[in-house]
Every structure is written in structure tokens, then in C-alpha cells.
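Now for the letters of each chain:
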Amino acid sequence: MKSKATKIRLGVLVVVTTLILLVAAYLIGSRQNLFEETFKLKAAFSNVNGLQQGNNVRFSGINVGVVSQIGMINDSMVMVRMRLEKEIQPFIKSNAIATIGSDGLVGNMIVNIVPQAGEASAVKDGEEISSFSPIATDDLLKTLNVTNENAALLTADLLKVTRSLLSGQGTLGTLLKDTVMAGDLKQSIANLKTATERTNRSLQRFEGWMNELDNREGLLYKLTADPETAKEADSILSNLAAGGQKLNGVLDDLDTLVNSLGKEGGTLHYLNSDTTMTKRLERIMINVEGGTRSFEENMEALRHHWLFRKYFRKMEKEAENNGG
Amino acid sequence: MIYSIQKRFEDFFLFTAELSLFAMRYFREAFRRPFEINELLRQCYNVGNRSLPLVALTGFIIGLVLTLQTRPTLQEFGAVSWMPSMVSISIVREIGPVIVALICAGRVASGLGAEIGSMRVTEQIDAMEVSGTNPFKYLVVTRITATTLMLPMLVILGDTLGLYGSYIVENTKGDVSFMLFFNQVFDALEYQDIVPATLKTFLFGFAIGLVGTFAGYTCKKGTAGVGRAANSAVVIASLLIFIIDFMAVVITDLFYEL
């Protein structure tokens, strides 16, 4: 070994490779939480579906630890022990549920810790949390099988229905196939449309009417809503009733009067029915006329008589004074 | 015919026995003073730094090509996002160590076989023995130790560059960021991938050094012997690498239940 440079180069090679090995070892170890502070959790399952030691444990989708041990505790339960990062401990509550899932369709199995609603204290080191055993693929397929059979029955029925529809059987078939009925339906719908339009208009008017009714100054409102007006209306009605009764009495009296007018022997009946009487009355009236005319001539003559002239002048003067 | 088959079996068992004895002698001598530190460092530099460009280029290209070749298939399944985990596991567990070991078998084992072989042919080794220097200690132990120590380093660098090459393909073809790629790589990797893979690279290095020096040390006379020593060193080292790899995988399988 002559030169120092070759020694140094050899040293560099050794140091670099050792470092690579150490870093790789550390990185792999840190994946299994060998160098961090950890705490333990456990959960009992009836079936772990091929979960292995070293599989990841996820809490809310983050890898927080690994499965450290899997073992039977009795003839039907498997205890899965997990080693989780210490810093995640405050966030896992004691009511959380552990489930076993698969990372992708063909991926590794994983333990999911699912938080639950409600208040609970943080888990303690070594605590057991409740678990939910996964549905095995077989069970899943069984359920799917039943669903498939049901779907087959359903589609067969549907086929029958669509066939009868296409051939025009039943109400729906008629509806689909019958062109006349389609025209009728169209007409009915048009009628229905006009009818609704009209109803709409009527309703609008009715609404206007109701609005008027709501007007506080209107009579209808007062009649329906104002107690004083109601009282007045009440008294008016009672007065009207009383008036009606009185009118009734008057009418009764009138009735008897008219009846009595019809009876023979009464003055009015005589006046009405006797024709000779009217002729005599006419003659009387003519005589009276002639009498009054002659009386007027007499009075004119009297005025011009000296005995009575003074009196008539005085009368004229008074009449003038009154008029002036 | 029967004779030749019998001879071959005899040769094979003889060779195995001699190689085992050679390995035992290495372990005996390796932990006994004096240590040839300077020669060890020189050999480390020879094996490590001198192989570095070759290993780096190979690793980088392997990562690049592996990703390019598997991409269409993964795309067919809509699983391109699994590329980092797939590439990282295949490179770190298997392809990286084996490819780098084979490269080193070609470069280092043949070099050792030729170097020590020519020393044997030119009777330099005999001269060393006469002058009181232990040739086994000075030539063999330092070289085997150097390959044993340096091969893991080369493998680690080769793996790193391979993953980087894979990242470049993923980044240009699929818009995968550096962070995301290496996050997924280290998500996929576990200690059970890294530790056995690294341990077996020590064995690869040991096999390369052992076979290379053994071929040279037991070299027959003549220049043809030197060529045969170099040739057999490469062939046997490569074969041993696969055998060791197979054994390592089987043993790892027993322990980790891959």
C-alpha cells in the first residue's frame, strides 16, 4: 500500500457503502416503528382475512403503526396486537373501532382504526378497542348471488311488461298505441288548459273582491267586522220590523174602509154609483154659476153706490200700503 | 470409458477435498500474527475500488433494464405503481448480489488465478518460502479477506445504483417522484430481505477469493497452466456462487418462511 491517495479512496468506498447500508436499515426499521416511541393497542377479531405480522395500521387513512402480533385467544377469537406511534395516542379515543380491510383490490391487508362519534377518553397503552370483523369475500359473493337472482327475476317480469306494452295490451298499452285516444287526450288537455285559465281569471276577480272587503271604509267590511255598525244595522232591522207591523195595521184599516165603501147605503157608495145624482149636481152647479155672476154685478153696483164708496176706497189704500 | 468417469469422480472429490483443506488453512492462518495489513488494504483497493466502475455500470443498467422489461406486463394489469416494491425486492434479494458476484468472479477470480498462478510458475512463491516470508499468509489470506470484505460493499453500491436506474425509468415514463419511489422501496423492503442478502454476499466474496487463489496456488507448471488456472477460477467461482445462493435461499426460507 504505497500511496496515501489509494488508501483514502478505499476509505471513501467503505464509508459510503456502510452509510448506505445503515441508512437503508434505519429507513426499513423506522417503517416498523423500531426506533420511535410507541404504544400498544389490541383488538379481537373472529376472522382476520389473512392479516400478517408487519401489516400497516391506519388511523384516518394515515399509516400510524404496524401489526406486531397475531394469536388465537380462544377457539373463535383472534387477538391482533398493534404497535402505534406515541404521538397519535391522544387522537385515538377508546370508543374507536378496528376493522380489517384491504389496501386496494390485490393489496396487503391493513387494520383500519375508525373513530366513532361521541365523547370518549384517549386510549391507554395496551388497551383493547372493539372490532368489526370484515365481511369475507365468500359472504360478499353469496350476497351478490342473491342480488343477481333477484335481478334476473325482476328483468323477466319487466320483459313481460314491456312486451304487453308493445302489443298494446292494458291501459298503458292503449295509451301508447291508440292514436285516437292520443287525440282525445290532447283535446282534454287543451280543455283543461282553458278551464284552468278561466278559473284563474275568476279567482283573480274573487281576490279583488276580497281585497275590497278588506277595505276598512267599505260598508261590507263594517257590516262584517264593525260591532257598532252591526248594532245599528240590528236596530234598523228591528225598526223596520216594527214599521212593517204598523203598516200592516194601516193596511188592514184601509181594507175595511174599502170594504165599507163597497157596501150599499153609504154616502160614498151613493156618490159613486147613482148617475141621476151627478146630473142634478151638474144643474146645481150651473145655477150656482149663474148666481155668482149676478152677485158680482150686484157687488159692482154696490161699489159705485155713494153709501159704500168710502169703504171701498179705504180698502184699496190699505192694499196699496201693504204692497208698497 | 468407465475408467475416465471414475477418474473424473476422483478428480472432483480430490478437488473438493483440496479446496476444503485450502479453506481450513486460510482460517488457521487468518487469525494468526503477523497480519499483513498493508497488503490487505492494497488488495481491498484492488478488489473494491478497481471493480467499482464495472459494478456501478452493471447495477445501473440492470435496474434500468429490469424496470423497462417488466413495465409493459405490469401496465397490462394496471399495477405499475407496484414497480418500486417489485424492483427493490428482486434487486436487493437476488439480482444485485448475484450479478455483482458474477462480475467480480469474472474480474477478480480470474485476476487472482492468473496472478498467483504466474507467481507459482515463475517459482516466486518458492522463493518467498526460502526467504522466510509466509507466502500463504501474504498472498492468499490477504486476497481472500479482501474479497470477503469488499464484495458486500460492491453489492450495496450495485443495489443502490440499480434502484436509481429503476427510478429514472419510472420518473421519465411514469412521473414518479424521487420521494415516492424510495418511500415505496423502503415500504416493500424489510430486514428479512436485507440481512440474508448481505450475509450471503460475504460468502460470495469468500468463494471468489478462495477459488481464485486456490486455482493460482495449485497451478501446474507452464504458461498453459496459468491460463487454465484463470479459466477454472472463473468457472468454479461462478458455479460456487450459484450453489451458495441456492443454499442461502433455502436456509433463509427455513428461517423466515418467505
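### A look at the overall build of chain A
Here is step 1 of the chain: Scanning chain A from N- to C-terminus turns up nine helices and eight strands.
Here is step 2 of the chain: A compact globule built from 324 residues would reach a C-alpha radius of gyration of about 20 Å, whereas chain A, at 63 Å, exceeds it by more than 25%.
Here is step 3 of the chain: Projected onto its principal axes, the C-alpha coordinates of chain A cover approximately 200 × 70 × 50 Å.
Here is step 4 of the chain: With 324 residues in all, chain A has 17% of them scored as buried.
Here is step 5 of the chain: Of the roughly 24,800 Å² that chain A leaves accessible, carbon and sulfur atoms contribute 58%.
Here is step 6 of the chain: The positive charge centre, built from 37 side chains, and the negative charge centre, built from 38, are 11 Å apart in chain A.

### A closer look at the packing of helix α3 (residues 83-121) of chain B against helix α5 (residues 135-174) of chain B
Residues and elements named next belong to chain B.
Here is step 1 of the chain: Here α3 crosses α5 at 145°, and the two axes come no closer than 7 Å. For the pair α3 and α5, the crossing hand works out as right-handed.
Here is step 2 of the chain: Split into classes, the residues belonging to the contact of α3 with α5 amount to 17 nonpolar, six polar and four charged.

### Quick notes on the sheet that holds strand β5 (residues 97-102) of chain A
Here is step 1 of the chain: Spatial strand order, β7-β1-β4-β3-β2-β6-β5-β8 (chain A): eight strands in an open sheet with mixed pairing. Strands with a single pairing partner mark the edges of an open sheet, and in this sheet they are β7 (127-128) and β8 (130-132) of chain A.

### Quick word on helix α8 (residues 223-256) of chain B
Here is step 1 of the chain: The terminal C-alpha atoms of α8(B) lie 49 Å apart, and with 34 residues this matches the ideal 50 Å at 1.5 Å per residue to within 8%.
Here is step 2 of the chain: Looking at α8(B), one finds that the buried residues are B:Gly225, B:Val226, B:Ala229, B:Ala230, B:Ala233, B:Ala237, B:Ser238, B:Ile241, B:Ile244, B:Asp245, B:Ala248 and B:Thr252.

### Focus on the interface of chain A and chain B
Here is step 1 of the chain: Counting residues at the interface gives 23 residues for chain A and 22 residues for chain B.
Here is step 2 of the chain: Carbon and sulfur atoms supply 73% of the area buried between chain A and chain B, which totals about 2,100 Å² over both sides.
Here is step 3 of the chain: Taken together, chain A and chain B are joined by zero salt bridges.
Here is step 4 of the chain: Along the contact surface separating chain A from chain B lie three residue pairs in polar contact (both at pLDDT 80 or more).

### Describing the pairing of strand β6 (residues 109-114) of chain A
All names here are of chain A.
Here is step 1 of the chain: Looking at chain direction, strand β2 (residues 56-59) and β6 are connected through three bridges and run parallel. Residue pairing across strands places arginine 58 opposite asparagine 112, the latter belonging to β6.
Here is step 2 of the chain: Sheet topology places β5 next to β6; six bridges connect them, and they run antiparallel. By the bridge assignment for β6, isoleucine 97 is matched with valine 114.

### A closer look at unusual backbone geometry
Residue and element names in this part refer to chain B.
Here is step 1 of the chain: Here arginine 33 and proline 34 are connected by a cis peptide whose omega angle stands at -5°.
Here is step 2 of the chain: Inspection of the secondary structure puts proline 34 in the loop between α1 (2-30) and α2 (37-76).
Here is step 3 of the chain: Unusually for a residue other than glycine, glutamate 123 sits at a positive phi of about 60°.
Here is step 4 of the chain: Tracing the chain through its elements places glutamate 123 in the loop between α3 and α4 (124-130).

### Observations concerning the pattern of salt bridges
All names here are of chain B.
Here is step 1 of the chain: With the rule as written, the count across this model stands at nine salt bridges over all chains.
Here is step 2 of the chain: One salt bridge connects arginine 71 with glutamate 170, and the closest N-O pair in it is separated by 2.6 Å. Of the two residues, arginine 71 sits in helix α2 while glutamate 170 sits in helix α5, which places them 99 residues apart along the sequence. Considered together, arginine 71 and glutamate 170 belong to a single accessibility category, that of buried residues.
Here is step 3 of the chain: Because the salt bridges share partners, they merge into one network encompassing Glu39, Arg42, Glu115 and Arg143.

### Here we look at the domain arrangement of chain A
Here is step 1 of the chain: When its domains are assigned, chain A resolves into domain 1 (1-31), domain 2 (39-134), domain 3 (136-170) and domain 4 (274-324).
Here is step 2 of the chain: Between the C-alpha centres of domain 1 of chain A and domain 2 of chain A the distance comes to 39 Å.

### Some points on the nonpolar core
As a rule of thumb, nonpolar side chains are buried together in soluble globular proteins.
Here is step 1 of the chain: If you look at the biggest cluster of nonpolar residues, it comprises 34 residues, and the most contacted ones within it are B:Val100, B:Cys104, B:Met150, B:Leu151, B:Phe204 and B:Ile208.
Here is step 2 of the chain: Those elements that provide at least two residues to this core are α1 (4-31) of chain A together with α2, α3, α5, α7 (191-217) and α8 of chain B.
Here is step 3 of the chain: Considering every element that reaches this core, the biggest residue donor is α3(B), with eight residues.
Here is step 4 of the chain: When neighbours within four sequence positions are excluded, B:Ile208 is seen to be in contact with B:Ala101, B:Cys104, B:Ala105, B:Val108, B:Ala109, B:Leu112, B:Leu151, B:Ala237 and B:Ile241.
Here is step 5 of the chain: Within the second largest apolar cluster, 24 residues are counted, among which are A:Ala43, A:Met82, A:Met109 and A:Ile113.

### Things to note about the environment of B:Pro34
Here is step 1 of the chain: Relative accessible area serves as the criterion here: at 53%, B:Pro34 is assigned to the exposed category.
Here is step 2 of the chain: Sequence-wise, B:Pro34 and B:Met86 are 52 residues apart; in three dimensions their C-alpha atoms are separated by 47 Å.

Basis of the calculations
- For every chain, the first residue of its written sequence is number 1, and the numbers climb from 1 along that sequence.
- Chain letters and ligand numbers both follow the written order, the letters beginning at A and the numbers at 1.
- Side-chain atom pairs in this predicted model are given and counted only at pLDDT of 80 or more, local residue features only at pLDDT of at least 70, and totals for whole chains, interfaces and linings cover all residues.
- Values reported for side chains reflect all heavy atoms of the structure, with hydrogen atoms and water molecules removed beforehand.
- Numbering of helices and strands runs from the N terminus, with a helix taken as a DSSP run of H or I at least four residues long and a strand as a DSSP run of E at least two residues long.
- In this treatment the radius of gyration is a C-alpha quantity, and the globule benchmark scales as 2.2 Å times the residue count to the 0.38 power.
- Buried, partly exposed and exposed residues are distinguished by accessible area as a fraction of the type maximum, computed with a 1.4 Å probe on protein chains only: under 20%, between the cut-offs, and over 50%, respectively.
- In short, Shrake-Rupley with a 1.4 Å probe defines the accessible areas, and a residue's cover is counted only from the protein chains shown.
- In this tally Asp and Glu are treated as negative and Lys and Arg as positive; neither His nor the chain ends contributes.
- Charged groups are reduced to one reference atom each: NZ for lysine, CZ for arginine, CG for aspartic acid, CD for glutamic acid.
- The angle between two axes is taken between their N-to-C directions and runs from 0 to 180 degrees, where each axis is a line fitted to C-alpha atoms and a helix contributes only its stretch in contact.
- By convention the crossing between two helices is left-handed if the near helix lies anticlockwise of the far one by an angle smaller than a right angle, and right-handed if it lies clockwise.
- Classification used: nonpolar for Ala, Val, Leu, Ile, Met, Phe, Trp, Tyr, Cys and Pro, charged for Asp, Glu, Lys and Arg, polar for all others including Gly.
- Strand pairing follows a simple DSSP-based rule, namely that at least 2 bridges must link the two strands.
- For a helix, the expected span equals 1.5 Å multiplied by the residue count minus one.
- Residue contacts are defined here by distance: any two heavy atoms, one from each residue, within 4.5 Å place the two residues in contact.
- Accessible-area loss on putting two parts together, using a 1.4 Å probe and summing over both, is the definition of buried area adopted here.
- Every case where a carboxyl oxygen of Asp or Glu lies within 4 Å of a side-chain nitrogen of Lys or Arg is listed as a salt bridge.
- Throughout this description, a polar contact denotes any pair of N or O atoms lying within 3.5 Å of each other; where both atoms belong to protein, one of them has to be capable of donating a hydrogen while the other can accept it, and for residues adjacent in sequence the pair is counted only when both atoms sit in side chains.
- Residue ranges labeled as domains rest on an automatic or database domain assignment.
- For this analysis, a nonpolar core means a set of buried residues of the types Ala, Val, Leu, Ile, Met, Phe, Trp, Tyr and Cys, connected via side-chain atoms within 4.5 Å.

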